[in-house]
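# A look at the structure
The primary structure of each chain is shown beneath.
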Amino acid sequence: MPVKVLPAVSKAQNGVGAFVLQCKRLEFNYCDAAGSSRGMKCSDRLFLKHCLPQFAKQNPAIEMHVAPRPSKHPIIRGVYINGREKVICVRNLEHNQVLKKAELLRNSSGLQLRKLRNPVQSINDSVRGIFSPFHGPKHAL
Amino acid sequence: MTLKRLRPLLRLRPVAPPSQRLLIRSVATTTSISTEPPVRTTPPPCRTPSLSAKLPALHSRLSLHPAYPIETLARALVHSSADADHRFNNHTLATLGDSLLQYLVSEHILTKFPRLPTAIHQAAIDAYAGHEALDHLGRNTWGIEVAYAPVAEVDAGLLQLKRLPPGEAPGLTPDSGVTVEYAMASAVRAIIGGIYLHEGGLPAVRQFTRLHILSRKLDVEKMFLIKKPTLELSRLCAREGFESPVARLHAETGRLSSHAVFVVGVYSGKNLLGEGHGGSLQEARTRAAVNALKAWYLYSPLEKDLPSKTLEDPKVEFKPAFIDAGEVII
C-alpha cells in the first residue's frame, strides 16, 4: 500500500469547545496561635468562616482543603492540572486581601510566569502561508 | 476458508503446558460475567464516594448534568484490574462509552474528509479516541489523579487500578495489572458511557464529544507518508479520467549554485493539481505530486451533515454524506 501513516495524537485546546478550570485544589493553612493568621482565622471577620464557604460555592470545580499548620505563617497553596503548585504566604493580611490572593490562584493556569515576546501564540499554521519570492507579481528594478 | 482446510491448522496448534492451561482456565472464569461474584484476592476499593471531595469537583469541572450521580462517576474511576466484580468496576460503562466514541469520531472524520485512505482514517480515529489521546485528556485536561494502590481507604475520586509491574508486558486479562494510560483511557470512556445512561442518551454524548474530544487539534495533513507519489498520482488521474499529470517548472533560481531552488507545478491538461519547491528538480517534482495527492485526499465538502442527527430525530432534514470511490491501489 503506497500511503503509510505517521501516527499522531490530537492536542488539547482548552477553551475551544469546553473550558476546564486549571486550578483543581486550593489548600488553606493557618495557625491557631500566631498573630499572622489573624485575617485568615482569628479576627471577628474570619476568612475561613465567612468568606471561604461562599468562595467554595462559587467555585465548585475546585477542591478546598483547610488544615492547621502550627507555628507557621498562613499560606494558600494552589494545585493545578498540569501538576504544578503555587504557594502564596498570606501573613498579616486581612480577610479581603486573603480572598484576593485566593482568586489570584484560582485564575492562574498553573504555568510558570514567563515573558511573552510574541503577542500571538498559536498551534495552527499561518493562514497566509510562508512568504515566497517566486510567487506574485514580478518586481521591476 | 472451509472447516476442512481449517482442521490441519487446528491440529497444529501447540498444546499449552499444564501451568498455562490452568491460567487459561482461570482467565475464562474471571472474564465471563457470572452471577456469582469472583473470589477476591485484594480488599475492595473505596465504595464511599460521598466522602470524596474530588468527585464533586471533577463533576463540576466536566460540567456534567446534576442527573449524573456521583456514584456513577466513582464507578467510572474503578478499573477492572482493581476490582474484578463487574457490578462495581467500569468495564461495562467503558465498553458502552468506547462504542459511542468510536462511532461519533469516525462519523465526524468520514464526513469531514470523505476521501481519506482507510489507514489514515483509522489513525485519525485513534488520534482522537485512542488510548493515548484519552489518557492525555483524562490526565492533562480533566486532571484525574491516580491512586497508588486500590486499597479500601483510598479516596474514591482517584483512578483505581492495579499497576503493571515494571518490565512486564500487559496480559490478556487485567489480573496481572494494566498501565496507567490504559486505565485512564477506560475511565474517560466510562464517564462518557455514564453520560449516555444518565443525561438522556445520544444527544448529550454528541454534545460532550464535540466539546471535549472533537475540539482537540489534529493535523490530518501531517499523517501522510506517501512512498511513491508520482506513480500514485498518475494512477489516480488514470482512474478518474483526467489527463496524465505533467510536471512543469514554475520558477527557479541559482541552478548552478549550491543553493538552487526550483518551484514545480504538476498539471493535468491545463489544471494545476499541486505545486512544490525543492533544492533539485526531482525533489520539487516529488513535493508537487505529494501536494496534489494531499489536495485530493483531504477534500472536505462545504456542507457536512452528520448521520447521527437522524438517530435523534428521524424526521429531520438530512443531506447524505459524500461517498468516495476510495484510495488508489498500486
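Each chain carries its own residue numbering, running from 1 in the direction its sequence is written. To label them, take the chains in the order written and letter them from A, then take the ligands in the order written and number them from 1. The model is predicted, so local features are restricted to residues of pLDDT at least 70 and side-chain atom pairs to those at 80 or more, both for listing and for counting; the totals for chains, interfaces and linings are taken over all residues. Think of the side-chain values as coming from all heavy atoms in the structure, minus any hydrogens and water.

### Regarding the overall build of chain B
Using the following cut-off: The helix count covers DSSP runs of H or I at least four residues long, the strand count covers runs of E at least two residues long, and both are numbered beginning at the N terminus. We call two residues contacting when some pair of their heavy atoms lies within 4.5 Å. A 1.4 Å probe and the Shrake-Rupley method give the accessible areas. Residues count as covered only by the protein chains that appear here.
Scanning chain B from N- to C-terminus turns up twelve helices and four strands. If you take every contact in chain B between residues at least 6 apart in sequence, the share linking residues at least 24 apart comes to 59%. On chain B, roughly 17,900 Å² of surface is accessible, and the fraction owed to carbon and sulfur atoms is 58%.

### Here's the deal with the domain arrangement of chain B
All names here are of chain B. The criterion, for reference: Residue ranges for the domains originate in an automatic or database domain assignment. Note on definitions: buried area is the accessible-area loss of two parts on being combined, 1.4 Å probe, summed for both.
Here chain B is described as being made up of domain 1 (18-23 + 43-221) and domain 2 (224-297). On a C-alpha basis, the centres of domain 1 and domain 2 stand 44 Å from each other. If you look at the interface, domain 1 gives six residues, while domain 2 gives four residues. A combined buried area of about 570 Å² lies between domain 1 and domain 2, and 61% of that area is made up of carbon and sulfur atoms.

### A word on the interface of chain B and chain A
Short version of the rule: Every case where a carboxyl oxygen of Asp or Glu lies within 4 Å of a side-chain nitrogen of Lys or Arg is listed as a salt bridge. Contacts described as polar in this section are N or O atom pairs within 3.5 Å, which, within protein, must combine one atom able to donate a hydrogen with one able to accept it, while residues neighboring in sequence count only if both atoms come from side chains. Under the convention adopted here, Pro, Cys and the residues Ala, Val, Leu, Ile, Met, Phe, Trp and Tyr are nonpolar, Asp, Glu, Lys and Arg are charged, and Gly plus all remaining residues are polar. Here, strands pair whenever DSSP counts at least two bridges between them.
Facing the 44 residues of chain B at the interface are 31 residues of chain A. It is Arg 61, Lys 217 and Leu 225 of chain B in chain B that bury the most area against chain A; as a group they hold 21% of the surface buried on that side. Put simply, Lys 54 of chain B and Glu 63 of chain A hold a salt bridge, and the shortest N to O gap is 3.3 Å. For the pair chain B and chain A, the interface holds 13 residue pairs in polar contact (both at pLDDT 80 or more). Elements with a minimum of two residues in the side of chain B that touches chain A: helix H3 (54-61), helix H6 (118-129), helix H7 (131-141), helix H9 (202-212), strand E1 (224-226), strand E2 (246-253) and strand E3 (261-268) of chain B. The greatest single-element share of the side of chain B that touches chain A, amounting to six residues, is contributed by H7 of chain B. Across the side of chain B that touches chain A, the residue classes break down as 23 nonpolar, eight polar and 13 charged. Of the strand pairs in this sheet, strand E1 (residues 3-5) of chain A and E1 of chain B are connected by three bridges, and their pairing is antiparallel.

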